[in-house]
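# Examination of the molecular architecture
Next come the chains, spelled out residue by residue.
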Amino acid sequence: MQTFDLEAQGLRNLNAALQSQTKDTNQTAWEIVNAKGSHAIAVGLDAPIEVTVKGSTGYYCGGMNKQATIRVKGSAGPGVAENMMSGTVIIDGDASQYAGATANGGTLVIKGNASSRCGISMKGVDIIVHGNVGHMSAFMGQSGNMVVCGDAGDALGDSIYEARLFVRGTVKSLGADCIEKEMRPEHIEILTDLLERGESDAKPEEFKRYGSARKLYNFDIDNAY
Amino acid sequence: MKDDSKGAPRTVPIQSATFSNPTNAEIRRAAATGIYDIRGGGSKRSLPHFNDLLFLGASISRYPLEGYREKCDTKVVLGTRFARKPIELDIPVTIAGMSFGALSGPAKEALGRGATMAGTSTTTGDGGMTEEERGHSSKLVYQYLPSRYGMNPDDLRRCDAIEIVVGQGAKPGGGGMLLGQKISDRVAQMRNLPKGIDQRSACRHPDWTGPDDLEIKILELREITAWEKPIYVKIGGARPYFDTTLAIKAGADVVVLDGMQGGTAATQDVFIENVGQPILACIGEAVRALQDMDMHREVQLIVSGGIRGGADTAKALALGADAVAIGTAALIALGDNDPRWEAEYNALGTTAGAYDDWHEGRDPAGITTQDPELMKRFDPVEGGRRLNNFLKVMTLEAQTIARACGKNHLHNLEPEDLVALTMEAAAMAKIPLAGTNWYPGKPGTSY
């Protein structure tokens, strides 16, 4: 286990050390102490290492992650795991706005609640939220899956493309072109896997599925408002 | 009674300046179709521009340099504020961001070839980084756009600078729309969307909401790229003083300022013609912001939006820019809107020089298209040669003017080398009206 004191050693040294790890590294476990809400912790990683952040983080923790597993033992600030490509980011507490924004791949697990715009412009990531998500979540979601074990706020999936949304609780309102869709066996199968990976004991049968009505796919003046 | 009206003088028909023929045609088109006009390019209306400024040249009070013989340097270094690896360009003319998707792969390759020969950089666009462009551009600026199409950390690390696009001159505040007919398999794959559907680019970044967030976003990008790459922030010419101030505060190494003559792949004509300000009105405000923050020349300023040649370049630099960027001019240099395709432009209902329906993907020149047959018409090697020639000419023209003003570096051009032909240009550019020491709004001067 490598322990890194962020307050004493500084952000640049932290990210340089983590970014220099390769797939063959034997320094596979890292613990970051004294995070104290710092921004841009563990960004741009590209190795199969495990990073544990003790305490809460500021903006963009785990940004553009590839391969690494990053666990925050606290809450995460805005933009956690933004544009993630692969790997896993797990937040034990809550996440602020735009968690998983534009992420292309990998898995983001939020054990608490997520704020507004969770999964905005998601492009292939799997996001599992144990609690609730705020308004405008999955706005313009292109692909990937979002699982909300609690409730969703206003305008869920506004202008959505091909992302799949699974919500167990209530949805305050659906955004433009987002509709409830049939939950077929293949969706139960997908959701079962997501819940398992997301360390959730929720039952797939309790969820509803939402996605695109595909009416905004090509410009039509009748859709303008 | 005798009729005297025959042969009597008649009032000559007068077209209304308000309801002109083009205006009436657009009303009829809108009435027939129920949809606004979408097109590419920049503003076509007549605007105060660099044409309205003149250089004074040297006589007795200033000492000129010998044309072609005495040195007039053209190098520019961008990103000297924070970046560990600033970009050094041989000439202060760069290629503006234009997306793969809007442009064909061979067109992107040609831009890389021409810019590299001329010793300058190219810029990606909405749609990500192509191998054609990376492979042929010795220096490549990677745009970080609201859509984040094709954005990944590997490409961030193999670029030479990062340009965070907040706005563009043709549509400050607006997003983009690449219509379905240009979404080939490759474009769809790069953008992570189904083939053949419209691809909307958001008008705002999804994961930040203001200048304080931008500052932290810049920190994240620097951390991902080990603080090596210069970070540009591109703004549309709307509120240049405040936007430049906030970009500097957020930590930009370079500010890119794009006026309303700057082009777009496709957006509403009403937007292109009615939102934003001409670049002439923007440069002075951006320079004032840089000076007020004591950052002029420490944070570099790149100016774009209707730059057409060496004179425009020299005038922009004299007003305080460090470099200029060209987009539309580069496409024309490659061969777009060339009269050799006139018959085909006619078949599309337009004419060479006026073709702007780039979103339809039927560009006869094979440049703004994804149609494989049309793309074959364009030779990227020849296109690169032509662009290099054009960039060389721009530079030589600017040097010629600078020497006449007694300057041994293009950056030594200054506002005192210029006068304005019109009061509008004098007021916007903050340059004296020709023959006077006065411009509107300057205290202590008189007509």
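Okay, so let's go over this structure. Everything numeric in this text was worked out from a predicted model, so none of it was measured. (Residues numbered from 1 in each chain as written. Chains lettered and ligands numbered in written order. Predicted model: local features only at pLDDT ≥ 70, side-chain atom pairs only at ≥ 80, totals over all residues. Heavy atoms only, no water.)

Another point: the side chain of Ser201(B). Residues and elements named next belong to chain B. Here Ser 201 is to be found in strand β10 (residues 199-201). For Ser 201, a relative accessible area of 11% puts it in the buried group. Separated by 2.8 Å, the side chains of Ser 201 and Asp 126 make a polar contact. Once you skip the residues sitting within four places of it in the chain, Ser 201 turns out to touch Asp 126, Ser 147, Tyr 149, Gly 175 and Gly 176. (Helix = DSSP H or I, 4+ residues; strand = E, 2+ residues; numbered from the N terminus. Buried < 20%, exposed > 50% of the residue type's maximum accessible area, 1.4 Å probe, protein only. Polar contact = N/O pair within 3.5 Å; in protein donor to acceptor, adjacent residues only side chain to side chain. Contact = heavy atoms within 4.5 Å.)

This part covers the packing of helix α2 (residues 105-118) of chain B against helix α14 (residues 380-404) of chain B. Residues and elements named next belong to chain B. As a packed pair, α2 and α14 sit with axes 7 Å apart at the nearest point and diverge in direction by 40 degrees. Between α2 and α14, the crossing angle belongs to the class labelled oblique. Crossing handedness for the pair α2 and α14: right-handed. The residues of α14 that touch α2, namely those facing Pro 106, Glu 109, Ala 110, Leu 111, Arg 113, Gly 114, Ala 115, Met 117 and Ala 118, are Pro 380, Val 381, Gly 383, Gly 384, Arg 385, Leu 387, Asn 388 and Leu 391. Of the residues in the contact of α2 with α14, the class split is ten nonpolar, four polar and three charged. (Axes fitted to C-alpha atoms, helices over the stretch in contact; angles between N-to-C directions. Parallel < 35°, antiparallel > 145°, perpendicular 65-115°, else oblique. Left-handed = near helix turned anticlockwise from the far one by under 90°. Nonpolar A, V, L, I, M, F, W, Y, C, P; charged D, E, K, R; others polar.)

What follows deals with the sheet that holds strand β4 (residues 69-73) of chain A. Residues and elements named next belong to chain A. Within the open sheet, the eleven strands sit side by side as β1-β2-β3-β4-β5-β6-β7-β8-β9-β11-β10. Their pairing is mixed. Taken across any chain shown, the strands that pair with only one partner, and hence form the sheet edges, are β1 (2-5) and β10 (178-181). Across the sheet, the mean angle separating the axes of adjacent strands is 15 degrees when strand polarity is ignored. Where strand β5 (residues 88-91) and strand β6 (residues 107-110) come together, four bridges link them in parallel fashion. Note on β6: the bridge partner recorded for Thr 88 is Thr 107. Its contacts with the sheet put helix α2 (residues 11-19) on β1, β2 (29-33) and β3 (50-54), and the angle it makes with β2 is roughly 170 degrees. (Pairing = 2+ DSSP bridges.)

Here we take up the interface of chain A and chain B. As a measure of interface size, the accessible area lost when the parts come together is often cited. Across the contact, 38 residues belong to chain A and 42 residues belong to chain B. Carbon and sulfur atoms supply 56% of the area buried between chain A and chain B, which totals about 3300 Å² over both sides. If you sort the residues of chain A by the area they bury against chain B, Met64(A), Tyr161(A) and Phe219(A) come out on top, with a joint share of 20%. Put simply, chain A and chain B have four salt bridges between them. For Arg148(B), the salt bridge identified is with Glu82(A), shortest N-O distance 3.9 Å. On the surface where chain A and chain B come into contact, there are 21 residue pairs in polar contact (both at pLDDT 80 or more). Elements that contribute at least two residues to the side of chain A that touches chain B include exactly α2 and β7 (123-129) of chain A. Considering every element that reaches the side of chain A that touches chain B, the biggest residue donor is α2(A), with four residues. Looking at side-chain class alone, the side of chain A that touches chain B contains 17 nonpolar, 14 polar and seven charged residues. (Buried area = accessible area lost by both parts, 1.4 Å probe. Salt bridge = Lys/Arg side-chain N within 4 Å of Asp/Glu carboxyl O.)

Read from one edge to the other, the open sheet built from eight strands follows the order β5-β15-β14-β12-β11-β8-β7-β6 (chain B), with strand pairing classed as parallel. Either end of the sheet is taken by a strand with one partner, and the two such strands are β5 (93-95) and β6 (122-123) of chain B.

Right, let's get into the environment of Ser200(A). Structurally, the position occupied by Ser200(A) is in the loop between α3 (185-197) and β11 (208-212). Other than its neighbours up to four places away in sequence, Ser200(A) contacts His130(A), Cys149(A) and Leu195(A).

Turning our eyes to something else, we now look at the pattern of salt bridges. Per the stated rule, a full pass over the model turns up 52 salt bridges over all chains. The salt bridge partner of Asp212(B) is Lys249(B), with a shortest N-O separation of 3.4 Å. Taken together, the residues Asp212(B) in helix α6 (residues 211-224) and Lys249(B) in helix α7 (residues 240-250) connect sequence positions 37 residues apart. Owing to a relative accessible area of 48%, Asp212(B) belongs among the partly exposed residues under this scheme. Using a relative accessible area of 45% as the deciding quantity, one classes Lys249(B) as partly exposed. A salt bridge links Arg377(B) to Glu344(B); the nearest nitrogen and oxygen atoms lie 2.9 Å apart. Of this pair, Arg377(B) sits in the loop between α13 (372-375) and α14 while Glu344(B) sits in helix α12 (residues 342-347), placing them 33 residues apart in sequence. Where salt bridges share partners, they join Arg71(A), Lys73(A), Asp92(A), Lys111(A) and Glu199(A) into one cluster.

Moving on to the packing of aromatic side chains. Under the defined criterion, the tally for this structure stands at four aromatic pairs over all chains. A centroid spacing of 5.3 Å and a plane angle of 45 degrees characterise the contact between Tyr345(B) and Tyr355(B), whose relative ring orientation is tilted. Of this pair, Tyr345(B) sits in helix α12 while Tyr355(B) sits in the loop between α12 and α13, placing them ten residues apart in sequence. A residue is classified by how much of its surface remains accessible, and Tyr345(B), at 0% relative accessible area, is buried. The aromatic ring of Tyr60(A) is capped on one face by Lys217(B), whose charged end is 3.9 Å from the ring centroid. Just above the ring of Tyr241(B) sits the side chain of Arg288(B); from NZ or CZ to the centre is 4.2 Å. (Phe/Tyr/Trp six-rings, centres within 6.5 Å; stacked < 30°, edge-to-face > 60°. Lys NZ or Arg CZ within 6 Å of the ring centre and 35° of its normal.)

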